[in-house]
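Residue-level listing of the chains:
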Amino acid sequence: MYNPKSSEAEEFICHNEVLASLQFAEENKDNVEVVDKILKKARLKKGLTHREAAVLLDCTIPEKVQEIYQLAREIKQDYYGNRIVLFAPLYLSNYCVNGCVYCPYHFVNKHIPRIKLTQEQIRRETEALQDMGHKRIAIEAGEDPVNNPIEYILDSIKTIYSVKHKNGSIRRVNVNIAATTIENYKKLHDAGIGTYILFQETYNKETYERLHPTGPKHNYKYHTEAMDRAMQAGIDDVSLGVLFGLELYRYEFSALLMHAEHLEAAYGVGPHAISVPRIKKADDIDPSAFDNGIDDDIFAKIVACIRIAVPYTGMIISTRESAECRKRLLELGVSQISGGSKTSVGGYFNPAPEDDNSAQFDVSDRRPLDDVIKWLIELGYLPSFCTSCYRQGRTGDRFMEICKSQQIHNYCQPNAVMTLKEYLEDYASDATKAAGEKLLPFEIDKITDETIRTKVVENLNKIHNGERDFKF
Ligand code: SAM
């Protein structure tokens, strides 16, 4: 039985409920009356159930599909404006004891160099990231209790937060490490992490077990209930994701939304963000070996339908995707992107040669961060390096409450403007600086509260004169 409140993986991700939702969607995808009813609810911009969203995802009526895209654009605009938050991954170690068949870090792969950064190397990577202009990173590591124990992750977080190179600082460290215990999540929480990220990879238990044949990650229940343990440990910003291409996308879509429903039902807080990675080529991994790859059109529809189903949840797209694809998805709902990413261990300080095979996967968008910033500005977006919410205690249900009432603009817009100004002063090329300085007055004008607007203008002058790190 589907029970969103249950703490049992197979009850909140209930296989039969996913199948019933897929059947309901199949039966109703071209039923104008049902689709209209769902769209009417969606227009309230408060979200949809997984079943309702599944119908929209399957719908093939051309004019309704256009309505879906239009609504996704509107919701994106209402909740996130034109702001896009930037981040970068930082790979700490590719030692891994798991056997994930889609990931080149699987332990059977004996020919990729295994690297675990020392704290000194992490300091250098952090400086390199700061010199690009990054303020928010996601640390990544394989699962290996001997080489990458929690103490190593905690030391690394401490190192990263301690580095202050020139005007740089990493102000938010998000963490993408394997499912762990409540005790370890408590330690991560105490270390001051931002979001805990864990991709489910696939929600289908049978597929999951087949694709994770060996190692601790084989345990579907332990992996699927990880976010519950994180929440119980006090981490109330968690980020979900599936690796599209492993299983039928319709299955993943419904189950992902069920996971969001579960977190909301059990803890009163939905996911802070959802990532939508697609499987990519990597060292000994050939994506075509997986039968469920999705094309760009389906991918865009998935993003639009997630945007409609969970309007208050951030959506993240990485450099796995090309600039062209990212452009399309930004419009439909993505609110956060990585830029200038390296997916190899130590890749920022020591860029790998072109023929290197040590990256976790090939990136499609290889542009430097500065190019991405300029590109965003030219597309009409406001790039943001804001890390303020969690530092000001706006996490979990506090964040969601502000977000659901669409009040988050009052914080995000000023913070985006001030952090972009920092970027322009410290890191931008002349061309990006010119484009950014031209944009700022328009973005300042959007701040409706006069007191805040005046304060922002004052702070921009202070930033110009060398002060840093203003936030609302
Ligand atoms: N070891 C941690 C775990 O098990 O969750 C950290 C994950 S790994 C460093 C980050 C993510 O990369 C994985 O969760 C997986 O979804 C993704 N990934 C692995 N292989 C990939 C590939 N070939 N293409 C695209 N993404 C991949």
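Look up a bit, the structure's there.
Heads up: these notes are all about the structure in this document. For clarity, every value in this text was computed on a predicted model and none was experimentally measured.

### What about the nonpolar core?
Okay, so step 1: With 155 residues, the main nonpolar core has I139, I153, L188 and I337 as its most contacted residues.
Okay, so step 2: Non-local contacts of L188, meaning those with residues more than four positions away in its chain, are made with I150, I153, L154, I157, V175, I177, I193 and I235.

### Overview of the pattern of salt bridges
Okay, so step 1: Throughout the structure, instances matching the rule amount to 32 salt bridges.
Okay, so step 2: For D237, the salt bridge goes to R172, with nearest N and O atoms at 3.8 Å. Of this pair, D237 sits in the loop between α11 (226–232) and β5 (238–241) while R172 sits in strand β3 (residues 172–176), and the two are 65 residues apart along the sequence.
Okay, so step 3: Residue R172 is classed as buried on the basis of its relative accessible area, which comes to 2%.
Okay, so step 4: Among the salt bridges present, the one from K421 reaches E425, with a minimum N-O distance of 3.0 Å. Residue K421 and its partner E425 are located together in helix α18 (residues 409–426), separated by four residues, close to a single helical turn.
Okay, so step 5: On the basis of relative accessibility, which here comes to 8%, the residue K421 falls in the buried class.
Okay, so step 6: Three or more residues joined by partner-sharing salt bridges are found here, namely D36, R43, K64 and E67.

### Digging into the site of the ligand
Okay, so step 1: Around the ligand, a shell composed of 19 residues is seen, among which Y102, A141, E201, K217 and K280 lie nearest.
Okay, so step 2: At a separation of 2.9 Å, a nitrogen atom of the ligand approaches a polar backbone atom of K280.
Okay, so step 3: The contact in question runs from a nitrogen atom of the ligand to an N or O atom on the side chain of R320, over 3.0 Å.
Okay, so step 4: Contact with the protein chains removes 96% of the 570 Å² of surface that the ligand exposes when unbound.

### Observations concerning helix α8 (residues 182–190)
Each α-helix winds once per 3.6 residues, and so residues spaced three or four apart point in a common direction.
Okay, so step 1: Looking at α8, one finds that the buried residues are N184, Y185 and L188. Looking straight down α8, one finds its buried side chains confined to an arc of 100°; they lie on one side.
Okay, so step 2: In this fold, the buried residues of α8 make contact with α7 (150–162), β3, β4 (196–197) and α11.
Okay, so step 3: Two residues or fewer after α8 comes G192, characterised by a positive phi angle close to 80°.

About the thresholds
Residues numbered from 1 in each chain as written. Predicted model: local features only at pLDDT ≥ 70, side-chain atom pairs only at ≥ 80, totals over all residues. Heavy atoms only, no water. Core = buried A, V, L, I, M, F, W, Y, C linked by side-chain atoms within 4.5 Å. Buried < 20%, exposed > 50% of the residue type's maximum accessible area, 1.4 Å probe, protein only. Contact = heavy atoms within 4.5 Å. Salt bridge = Lys/Arg side-chain N within 4 Å of Asp/Glu carboxyl O. Helix = DSSP H or I, 4+ residues; strand = E, 2+ residues; numbered from the N terminus. Near = heavy atom within 4 Å. Polar contact = N/O pair within 3.5 Å; in protein donor to acceptor, adjacent residues only side chain to side chain. Areas by Shrake-Rupley, 256 points an atom, 1.4 Å probe, with all protein chains shown as cover. Arc of directions from axis to C-beta.

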